[in-house]
Amino acid sequence: MTVLASAPTAGETWYAWALVVAGVLGLGLLLAGPALRRRHPVLWWTAVGFPAAALRVTRTWRPLMAGCGLAVSRKAALTVVAGLVGKGSSPPQPRVPVRGLMHPTRNGFWFLVRMLPGQVPDDFVTAAPAMAHGWQMHAVRVSSWKPGVVRVSATFTDPLRAVIRPAPRQPGRLLRVVVGVLESGGPWAIDLRQIPHWLIVGATRSGKSTLINALVAGLAPQPVALVGIDCKGGMELSLYGPRLSALATDRADAVQLLGRLTELTLDRMALCRKAGVRNIWGLPKGERPVPVVVIVDEIAELFLVASRSEKDEAQAAATSLVRLAQLGAALGVFLVIAGQRVGSDLGPGVTALRAQLGGRVCHRVADSATAEMTLGDIYPDALVAAQSIGPEQAGTAVLASSDGWERARSHLVPETVAESVARQYAHLTPELPGLADPSGPPAGRTTVRLQRLDRDE
Ligand SMILES: Nc1ncnc2c1ncn2[C@@H]1O[C@H](COP(=O)(O)OP(=O)(O)OP(=O)(O)O)[C@@H](O)[C@H]1O
């Protein structure tokens, strides 16, 4: 028997080579994939992860939408007509929301979705965990984009897992400090001119003080006055003593200091009224009073009462804080209030105050009620994210403001660093004569140094 062998054509040779090259590349990526992912995650995501995710999203979009109850059946009449015209072919599929182009990011992707009539963004928020599972992503977040459209963004890994050390400080904008990293990979900046008052909540050792360290270390080199209220005997805030213009270490002190701050605010109001401007930023530079950032550590110490006289003090403190929050933004007085709890059990004042604090940071919390108190009145869907922060994720928090919510992790700024920055910039501490306690030494020069025994730094 004779076998006739014909020489391959040029087209066949090219095709065979392309197959071999694709096979070698595929095999190489398969073998080197895990190492590439570990060492160069961005490169891995661009070369392997994103194309695979794009295929997965395309393949699963319709079944996912149907499984999550986001597909809408065609009109019955249309189905009947299609059945008659199609002569037994399968009826038309239910309609699913229209998905836009996928845009890759450094650690994920995002796309827009046009919702079908009758759907609201919350329907997609509920479906986000199913999308994350279906696409094998670390997390999927859904936010409103514009009426009728939501933005779906996904991340393939948690960028907040690793401890984040701060980069060397750059001179920044007045009252703006980069304190950490956002889950989306961008900087987490606290900008007091944009959001003047903040509430920082978290269980013990969840990262509140570390965040305040980062904030103070960023504010210390700026021309601002820092004022501390720490009713735990100054145990936390006395660290920054050399850079503080005033420090109250118990409730009686705090009530007086808050009273003086209210007077200072009213003086500023009179100044602005006289100059015919709406806020201190409208005053000429030479006449503009220095911005004051008031840091309150452990708000419960101000509000919890055991006796009648304490009740009056707590009420006075609450009233002053609410007034400062109402008037302060325009007059250069900003509040940063930290505590383990902000429940209404602390008294009616705390609810009124909470409503005035537009910026919220919720670290790991001990109970769901605290997360609800911190975030629930702004973004109920952020609650799940806040409640899933574990003890090993100290410094991780959910941030919320009128712009939306996001997960973030603060820079690890140990107290020794914050203390030395405060000493380094002590010469910038503005003297605010109206604030100093007439009966005591200037608080900024306090010599008390209380050591926390539970620190591991
Ligand atoms: N952003 C962070 N990155 C890494 N580790 C952190 C971070 N924040 C806090 N930690 C770790 O958690 C520990 C406790 O943090 P921190 O003292 O800030 O908690 P806290 O909420 O202020 O606690 P307490 O209410 O008891 O004062 C720190 O000593 C540090 O080891």
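Residues numbered from 1 in each chain as written. Predicted model: local features only at pLDDT ≥ 70, side-chain atom pairs only at ≥ 80, totals over all residues. Heavy atoms only, no water.

1. Some remarks on the overall build of the protein chain
No. 1: On a plain count of helices and strands, the protein chain comes out with twelve helices and 15 strands.
No. 2: Split into buried and exposed, the 457 residues of the protein chain put 44% on the buried side.
No. 3: In the protein chain, the share of contacts with a sequence separation of at least 24, taken over all contacts with a separation of at least 6, comes to 66%.
No. 4: Total accessible area on the protein chain is roughly 23,500 Å²; 60% of this is exposed by carbon and sulfur atoms. (Helix = DSSP H or I, 4+ residues; strand = E, 2+ residues; numbered from the N terminus. Buried < 20%, exposed > 50% of the residue type's maximum accessible area, 1.4 Å probe, protein only. Contact = heavy atoms within 4.5 Å. Areas by Shrake-Rupley, 256 points an atom, 1.4 Å probe, with all protein chains shown as cover.)

2. Structural notes on the sheet that holds strand β7 (residues 187-191)
No. 1: Across the sheet, which stays open at both edges, the ten strands sit in the order β7-β6-β15-β14-β13-β8-β12-β11-β9-β10 with mixed pairing between neighbours. Here the strands that pair on one side only, and so sit at the sheet edges, are β7 and β10 (244-248). Direction aside, neighbouring strands of the sheet carry axes that sit 25° apart on average.
No. 2: The sheet contact formed by strand β6 (residues 176-182) and strand β15 (residues 404-410) spans three bridges and is antiparallel. Along β15, the bridge assignment pairs Leu-182 with Ala-408.
No. 3: The strands touched by helix α10 (residues 368-376) are β8 (197-201), β13 (359-362) and β14 (396-401); relative to β13, the strand with the most contacts, the crossing angle is about 155°. (Pairing = 2+ DSSP bridges. Axes fitted to C-alpha atoms, helices over the stretch in contact; angles between N-to-C directions.)

3. What about helix α2 (residues 41-67)?
No. 1: Relative to the 39 Å expected for 27 residues at 1.5 Å per residue, α2 spans just 31 Å between its end C-alpha atoms, considerably shorter than the ideal helical length.
No. 2: The set of residues buried in α2 consists of Trp-44, Trp-45, Gly-49, Phe-50, Ala-53, Ala-54, Arg-56, Val-57, Thr-60, Trp-61, Leu-64 and Met-65.
No. 3: Gly-69, located one to two residues past α2, shows a positive phi value of around 75°. (Expected span 1.5 Å × (residues − 1).)

4. With respect to the packing of aromatic side chains
No. 1: The full count for this structure, using the stated rule, is twelve aromatic pairs.
No. 2: Ring pairs connect the aromatic residues Trp-44, Trp-45, Phe-50, Trp-61, Phe-109, Phe-111, Trp-135 and Phe-156, which therefore count as one cluster.
No. 3: Its guanidinium or amino end placed over the ring of Trp-281, Arg-193 lies 3.9 Å from that ring's centre, counting from NZ or CZ. (Phe/Tyr/Trp six-rings, centres within 6.5 Å; stacked < 30°, edge-to-face > 60°. Lys NZ or Arg CZ within 6 Å of the ring centre and 35° of its normal.)

5. Examining helix α5 (residues 208-219)
No. 1: Over its twelve residues, α5 extends 17 Å from the first C-alpha to the last, a length consistent with the 16 Å expected when each residue adds 1.5 Å.
No. 2: Taking burial as the measure, the twelve residues of α5 include eleven buried ones, the bulk of the element.
No. 3: Buried residues of α5: Lys-208, Ser-209, Leu-211, Ile-212, Asn-213, Ala-214, Leu-215, Val-216, Ala-217, Gly-218 and Leu-219, and no others.

Remember that the coordinates give geometry; whether it matters functionally is a separate question.
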